[in-house]
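Spelled out, the chains give:
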Amino acid sequence: MAGNRKVKPVRMRRGVAAGEGPVAAASNAMWGGRFAAGPAEIMERINASIGFDQRLYRQDIRGSIAHCEMLVKQGIVSPTDGRAIVEGLRRIETEIEAGTFAFSTKLEDIHMNVEARLAQLIGDAAGRLHTARSRNDQVALDVRLWVRDAVDRVEVLLRDLQAALIDRAGEQAGTVMPGFTHLQTAQPVTFGHHLLAYVEMFGRDRGRFADCRRRMNESPLGAAALAGSPHPIDSRMTARALGFDRPMANSLDAVSDRDYALEFMAAATICAVHISRLAEEIIIWCSAPFRFIALSDAFTTGSSIMPQKRNPDAAELARAKTGRILGDFTALAMVMKGLPLTYGKDMQEDKEPVFDAADSLELGLAAMAGMVRDLKVNAERMRAVAAADYSTATDLADWLVRSLGLPFRQAHHVTGRLVAMAVSKGVDLGELSLEDMREIEPAITGDVYRVLTVEASVAARTSFGGTAPRNVRRAVAAARQRFLRAGRGKG
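Here's a quick rundown of the structure. Quick caveat, the model's predicted, so the values are computed rather than measured.

1. Some thoughts on the environment of A116
Locating A116 in the fold gives a position in helix α5 (residues 110-122). Sequence-wise, A116 and A126 are 10 residues apart; in three dimensions their C-alpha atoms are separated by 8.3 Å.

Take a look at the structure:
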């Protein structure tokens, strides 16, 4: 996705890798003088996160530049050293994006890889960058920035999916299809109305992500390890520079909070459930017994043994992503559930589920928008199924209430007897003769036939939010205004 390019996997190249130089010369340079011996190989493997947290490089460098500029303004770092640090950080970002930066597992994480390379580039001045900062508030900042960026990407994708659904709903405002309860034919609806139901679902998803973004938009930078800093830092300055509304109010909470990640994944899980429901319907609609729609070769695959097959694999995979995203949420919730304040190394396990959930959701949203735009509607087949199985029975009951003044329960009973008669004769309700109907209810008139078509059924559903084609056309226009022209997540 734009703004979220994958970084190449860890590569080791002698003589260029971050950490080969003065900063890495000591046996445990990044840990300082407390440790004399190097870590065991298995400890290095379990401790290192650079294999996945290198994805945070852009956020890490952005946060470091904001921190450095604040240190300079506060007189904690000299302008000369500050310029060297910022120029070095920007060069490192260029190297990473060009694929020439070699990451080292010996340096554990993205923060230390960047710092070690900065020391190679500018010397001792690099060591001043970490003044008044800890890896605890640094990683809290990086992940928070990354999740905020992910929310912004999801917002764009959700809006695009809604746009696809709204466009197709406008095209299909008068296309009659069966409406189901219990996956049994219930009443006729329009395909446009059906698609607009998903517009509403994804609109609520946008609202949840927008709420999540508002709550997470506080900066943890300045909390340092857990207790704050004795240096005269300006946390409000760094918060503004990084687009946050304010710094976090409590340093302990700042380094230990991962609520925003859990909330992001909770919103992602609900959104993925909506994707899965639409994917399931696409799969059903494509099946031979239904034949409501068809997908092109762009979103289907064939069979290795059955040449006639066209499998809706894109929809099936989008449906399956829901399990991964829910699993990611559960994994992080279990990591966090028993942690005392403030930071524990357990929290290193926050990144992989967050990254995986975001990747899976973004892919599912993009695939779903593509399928909605791609699908070809078989309107004739939809109408034929909508007209079967006595789907206008409720219209008959409503007519008995409106025209004859019967109580609805009595009308329901009369209609049930008429359906039984039609079943026994092997005909539809509209094919019963007036004489047949009058055997059950003598007051029925010939006007009843006007309500016993699927077109009449959907046209009559004019209550607010109903399926009448004119309602759908108005709802399409309203949805464009609410979701495509209005601001983020407006519902």
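2. Things to note about the nonpolar core
If you look at the biggest cluster of nonpolar residues, it comprises 93 residues, and the most contacted ones within it are F209 and F264. Per-element tally for this core: the top contributor is helix α10 (residues 259-286), with 16 residues. Among all residues touching F209, those that are not within four sequence positions of it are V151, V154, L158, F264, A267, A268, C271 and L361. One finds L396, A397, A411 and L429 within the second-largest nonpolar core, a separate group that totals 21 residues.

3. Here we look at helix α11 (residues 313-336)
Between its terminal C-alpha atoms α11 stretches 35 Å, which fits the 34 Å expected from 24 residues at 1.5 Å a residue. Here α11 has its buried residues at A314, A315, A318, T322, I325, D328, L332 and M336.

4. Quick look at the pairing of strand β1 (residues 176-181)
Where β1 meets strand β2 (residues 184-190), six bridges bridge the pair, whose relative direction is antiparallel. Along β2, the bridge assignment pairs G179 with Q187. Linkage of β1 to β2, two consecutive antiparallel strands, is achieved through a turn of two residues, within which H182 is found at a positive phi near 60°.

Thresholds, definitions, all that
- Residues numbered from 1 in each chain as written.
- Predicted model: local features only at pLDDT ≥ 70, side-chain atom pairs only at ≥ 80, totals over all residues.
- Heavy atoms only, no water.
- Helix = DSSP H or I, 4+ residues; strand = E, 2+ residues; numbered from the N terminus.
- Core = buried A, V, L, I, M, F, W, Y, C linked by side-chain atoms within 4.5 Å.
- Buried < 20%, exposed > 50% of the residue type's maximum accessible area, 1.4 Å probe, protein only.
- Contact = heavy atoms within 4.5 Å.
- Expected span 1.5 Å × (residues − 1).
- Pairing = 2+ DSSP bridges.

In short, geometric facts, not functional conclusions.
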